[in-house]
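Chain and residue survey
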Amino acid sequence: PKLNEFIVALPKAELHLHIEGTLEPELIFELARRNNIKLNYASEGELRRAYAFKDLQSFLDLYYAGASVLITERDFYDMTMAYLKRAQADGVCHTEIMFDPQTHTERGVAIETVFAGIARAVREMQQQAGLTSYLLMSFLRHLSEESAFETLEAALPLREQYKDIWVGIGLDSAEVGNPPDKFQRVFTRCKELGFRLVAHAGEEGPPQYVRDALDLLHVDRIDHGVRSEEDPDLVKRLIREQIPLTVCPLSNLKLCVVDDMQDHNIARLLRQGLVVTVNSDDPAYFGGYVGDNYRAIATSLKLSKAELAKLADNSLVASFLPGYRKNQLR
Ligand code: ADE
Ligand code: ZN
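Residues numbered from 1 in each chain as written. Chains lettered and ligands numbered in written order. Predicted model: local features only at pLDDT ≥ 70, side-chain atom pairs only at ≥ 80, totals over all residues.

The next point concerns the overall build of the chain. Each helix and strand in the chain was counted, giving 16 helices and 8 strands. Overall size of the chain, expressed as C-alpha extent along the three principal axes, is 50 × 45 × 40 Å. (Helix = DSSP H or I, 4+ residues; strand = E, 2+ residues; numbered from the N terminus.)

Next up on the list: the site of ligand 1. Around ligand 1, the neighbouring residues are His18, Gly21, Leu56, Tyr63, Asp172, Ser173, His200, Glu203, Ser251, Asp281 and Asp282. Partitioned by chemical class, the residues of the shell around ligand 1 number 2 nonpolar, 5 polar and 4 charged. (Near = placed C-beta within 6 Å. Nonpolar A, V, L, I, M, F, W, Y, C, P; charged D, E, K, R; others polar.)

This brings us to the sheet that holds strand β1 (residues 12-18). Strand order in the open sheet formed by 8 strands is β1-β2-β3-β4-β5-β6-β7-β8, and the pairing between neighbours is parallel. One side of each edge strand has no neighbouring strand; the edge strands of this open sheet are β1 and β8 (276-278). Neighbour-to-neighbour, the strand axes of the sheet open up by a mean angle of 25 degrees, direction not taken into account. In terms of strand pairing, strand β6 (residues 221-224) meets strand β7 (residues 245-247) through 2 bridges, oriented parallel. Each residue of the ladder has a partner; that of aspartate 223, found in β7, is threonine 246. (Pairing = 2+ DSSP bridges. Axes fitted to C-alpha atoms, helices over the stretch in contact; angles between N-to-C directions.)

This brings us to the UniProt feature "binding site: Zn(2+)" (unreviewed entry) in the chain. UniProt's feature table lists "binding site: Zn(2+)" (unreviewed entry) at His16, His18, His200 and Asp281, given in the numbering used throughout. Across 266 residues of sequence, these annotated residues stay compact in space, with a maximum C-alpha separation of 11.7 Å. Tracing the sequence through the fold places histidine 200 in strand β5 (residues 196-201). Ignoring sequence-local partners within four residues, the contact set of histidine 200 consists of Leu171, Asp172, Glu175, Asp223 and His224. Setting aside residues no more than four positions away along its own chain, aspartate 281 makes contact with His16, Leu17, His18, Gly21, Cys248, Ser251 and Phe286. (UniProt positions renumbered as here; feature names shortened; annotations may be inferred. Contact = placed C-beta atoms within 7 Å.)

Moving on to the UniProt feature "site: Important for catalytic activity" (unreviewed entry) in the chain. Per the UniProt entry, the sites bearing "site: Important for catalytic activity" (unreviewed entry) are His224 in this numbering. The residue histidine 224 is located in strand β6 in this model. Not counting chain neighbours up to four residues away, the residues in contact with histidine 224 comprise His200, Ala201, Gly202, Glu203, Val247 and Cys248.

Moving on to the environment of tyrosine 63. By the element assignment, tyrosine 63 lies in helix α4 (residues 56-67). Remark: the alpha-carbon pair of tyrosine 63 and glutamate 20, spanning 43 residues in sequence, is separated by 7.4 Å. Setting aside chain neighbours within four positions, we find tyrosine 63 in contact with Glu20, Gly21, Asp282 and Tyr285.

Across soluble globular proteins, nonpolar side chains show a tendency to be buried alongside one another. Of all hydrophobic cores here, the largest spans 90 residues; its most connected members are Ile118, Ala213 and Val276. Apart from residues no more than four positions distant in its own chain, isoleucine 118 is found in contact with Ile19, Phe76, Thr80, Phe99 and Leu135. (Core = buried A, V, L, I, M, F, W, Y, C linked by C-beta atoms within 7 Å. Buried ≥ 20, exposed ≤ 12 C-beta atoms within 10 Å, placed from the backbone.)

In this structure, strand β4 (residues 166-172) lies alongside β5, joined through 2 bridges in parallel fashion. Within the sheet, the bridge partner assigned to glycine 168 lies in β5 and is arginine 196. Handedness of the β4-helix α9 (residues 184-192)-β5 crossover: right-handed. Between β5 and its parallel partner β6, the chain crosses via helix α10 (residues 207-215), and the hand of that crossover is right-handed. (Right-handed = clockwise from strand over helix to strand, strands pointing away.)

Think of two packed helices as two axes; the pair is described by the angle between the axes and how far apart they sit. Packing of helix α1 (residues 2-9) against helix α15 (residues 290-300) leaves a shortest axis separation of 10 Å and a crossing angle of 130 degrees. Viewed along their axes, α1 and α15 adopt a mutual orientation that is oblique. Considering only the axes of α1 and α15, their crossing is right-handed. Across from Leu3, Asn4, Ile7 and Val8 in α1, the residues of α15 making contact are Gly291, Tyr294, Arg295 and Ala298. For the contact of α1 with α15, the residue count by class is 5 nonpolar, 2 polar and 1 charged. (Parallel < 35°, antiparallel > 145°, perpendicular 65-115°, else oblique. Left-handed = near helix turned anticlockwise from the far one by under 90°.)

Laid out in structure tokens, this is it:
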């Protein structure tokens, strides 16, 4: 209880969060009923019991199936509002939310609907509770670069309308076999347009994908990045250039990126001077929100209060909020 109070009280941001990964089974069933969609599971309990993943792809299959209940603006609003209330309860003061428009436009949902529902919840929480959020529109890397360009073109007319919150671009979905260079041109275009850039790298993929995300995509942060540890020169570079890693401990455990939380490398990376942060990734699927992630590593890795405070501080420094300076050497 005292550890929990300490963690909740830490000022912190959540920087690695897929909004579609916050859909709890209860909300999936409610939206399925509302939209007359038939699910392959008889009950919420049965769905939850299917959340036993062996790798990233086995999770992604269920994640995309779950997202298929999202149809209307109100669905996107309800999902986002439910997440923001959970984040607020964990003492989060700022979030940077990824969303995957291609998951929805492929099913015939207009990209305008996706933006509108998410943005309405974000703006309402900002006004009512002072919790700020930015949006990172993310491309699915198992799809083509052409599809990413089409998504960018479809979204750009909305940029003015959402310029206060839509600050960046991300890259997610199946990593191995879909390396950063596949998206080099579309990321170059996004950078020219003035977006902040992030990409998943070094979750299941090798350290070379982390290097390529930095050198070819010019990202500001690496999502996950835990496999960087296998390459000591890369680790030195991440320290020297103070490139943030948005680490997701419970996700890594559930997707078998690590076998035991006591073996997670976030403490080693932190103690070497990397800008590591703690995040929930897809909390409805991985057994916990950001506070649960802090608690899990605090206990399993015996982190001190000073270390927990450093992780929280890193999340503000690594955020795209103006006014938190990182040691900019790049
Ligand atoms: N999409 C949602 N969660 C993801 C993860 N952990 N890795 C890659 N793509 C994702
Ligand atoms: Zn992720």
